[in-house]
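Each chain, letter by letter, is given below.
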Amino acid sequence: MNDNYDFNIKRKRPEEIWNNVTDYFRGEILRQYASSKSIMKIQEKITIRALELLDLRKKDALILDAGSGPGFAAIYLNEIGYKTVAVDVISAFLNYYDIKDLNPIAADMCYLPFKPKTFDAIISISALQWIYRDLRNEQMYLMLKDMSKSFFKTLKPNSQAIIQFYPKSKKIMEDIGKVIVKNTDFDGNFIIDNPNNQKKRKIFLLLVKNR
Ligand SMILES: C[S@@+](CC[C@H](N)C(=O)[O-])C[C@H]1O[C@@H](n2cnc3c(N)ncnc32)[C@H](O)[C@@H]1O
């Protein structure tokens, strides 16, 4: 892999403009996101790749979709036979489609309301950039730290979390890895698809809980 890929991102992403995700995803923006067939297809494609990286052996695994939005990942996972729980901080997303089979729960993914060792895997698609995007922001640092502890606690031993996200810079991406490894017993590595094509690039963080 060429390590010199750049993050020369010119257009501001919503998470740079809006402080809180709940202020951005509301009203018409929320409706447009949730009803978009093209976003649904893109998110499903990312979920398929995330599953490939997870390499789950258990056919009826229980998977947490963290930051599920309207449930694009969880809907797909459910269709192919996995049991899912969809968590999002915006309940209007969870109510957009009838997803009661996906066990929707309105909660903050940094403070998951589950017993320890509940899930066989965690998938999080396009949500982490809302939690951590500014190196100097103490609040964001604490949320990332708490999220990683919460993921570690709710995963079963010998299981994994896969997180796809859009960091603003390589430094932020690497910082995220460092904060997680420092505060948990996760082993982790980044998988970067199409590293040299900014438009097609997809960044995944695979976290392994060994015990
Ligand atoms: C770009 S959307 C992606 C939604 C979905 N994963 C998908 O692939 O379509 C980002 C989602 O992350 C959720 N999110 C951001 N911060 C969160 C938090 N702290 N706890 C739970 N959900 C959060 C937002 O509410 C939003 O639904």
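A quick note: this is a predicted structure, and the numbers were derived from the prediction, not measured. (Residues numbered from 1 in each chain as written. Predicted model: local features only at pLDDT ≥ 70, side-chain atom pairs only at ≥ 80, totals over all residues. Heavy atoms only, no water.)

A.B. asks: How do you make sense of the site of the ligand when you look at a structure like this?
C.D. replies: Taken together, 20 residues lie near the ligand, and Tyr33, Gln43, Gly67, Asp88 and Ile125 sit nearest. Residue Val89 places a main-chain N or O atom 3.4 Å away from a nitrogen atom belonging to the ligand. Interatomic distance of 2.8 Å between a backbone N/O atom of Ile125 and a nitrogen atom of the ligand. For the ligand, whose free accessible area comes to 590 Å², the fraction covered by protein is 96%. (Near = heavy atom within 4 Å. Polar contact = N/O pair within 3.5 Å; in protein donor to acceptor, adjacent residues only side chain to side chain. Areas by Shrake-Rupley, 256 points an atom, 1.4 Å probe, with all protein chains shown as cover.)

A.B. asks: How do you make sense of helix α5 (residues 72-79) when you look at a structure like this?
C.D. replies: Working note: α-helix, 3.6 residues per turn, so residues spaced by three or four point in the same direction. Looking only at α5, the buried set comprises Phe72, Ala73, Ala74, Tyr76 and Leu77. Of the surrounding secondary structure, the elements contacted by the buried residues of α5 are α3 (27-35), α4 (37-54), β1 (62-66), β2 (83-88) and β4 (119-125). Positive phi shows up at Gly81, right after α5, with a value of about 110 degrees. (Buried < 20%, exposed > 50% of the residue type's maximum accessible area, 1.4 Å probe, protein only. Helix = DSSP H or I, 4+ residues; strand = E, 2+ residues; numbered from the N terminus. Contact = heavy atoms within 4.5 Å.)

A.B. asks: Looking at this structure, I do not really get the nonpolar core. What am I missing?
C.D. replies: For soluble globular proteins, the rule of thumb is that nonpolar side chains tend to be buried together. Of all hydrophobic cores here, the largest spans 36 residues; its most connected members are Leu64, Met147, Phe151 and Ile176. Breaking this core down by element, the ones donating at least two residues are β1, β2, β4, α7 (128-131), α8 (138-154), β5 (155-165), α9 (170-183) and β7 (202-209). Filtering out sequence-adjacent residues up to four positions away, Leu64 remains in contact with Val85, Val87, Leu112, Phe114, Phe119, Ala121, Ile122 and Ile123. Residues Ala50, Ala61, Ile63 and Ile125 belong to the second largest nonpolar core, which totals 20 residues. (Core = buried A, V, L, I, M, F, W, Y, C linked by side-chain atoms within 4.5 Å.)

A.B. asks: Just to check I follow, could you spell out the pattern of salt bridges for this structure?
C.D. replies: A side chain with one charge may pair with a side chain of the opposite charge, provided their charged atoms come close. All chains considered together, the criterion is met by 13 salt bridges. Arg136 serves as the salt-bridge partner of Asp134, at 3.5 Å between the closest nitrogen and oxygen. Of the charged contacts, one joins Lys170 and Glu174 as a salt bridge, the two residues approaching to 3.6 Å between their closest N and O atoms. Taken together, the residues Lys170 and Glu174, both in helix α9 and 4 residues apart, mark about one turn of the helix. On the basis of relative accessible area, Lys170 is assigned to the partly exposed category, the value being 23%. Beyond isolated ion pairs, a larger network of salt bridges with shared partners links Arg49, Glu52 and Asp193. (Salt bridge = Lys/Arg side-chain N within 4 Å of Asp/Glu carboxyl O.)

A.B. asks: Explain the side chain of Arg133 here, please?
C.D. replies: Within the secondary structure, Arg133 is located in the loop between α7 and α8. Look at Arg133: it is buried, it has no salt bridge, and the nearest opposite charge is Glu15 at 6.6 Å. Polar contacts involving the side chain of Arg133 include one to the main-chain carbonyl oxygen of Glu15, which spans 2.4 Å. Among the polar contacts listed, one links the side chain of Arg133 to the backbone oxygen of Trp130, at a separation of 2.6 Å. Ignoring any residue separated from it by four or fewer positions in sequence, one finds Arg133 in contact with Glu15, Glu16, Trp18, Asn19, Met140 and Ile172. (Lys, Arg positive; Asp, Glu negative; His and termini not counted.)

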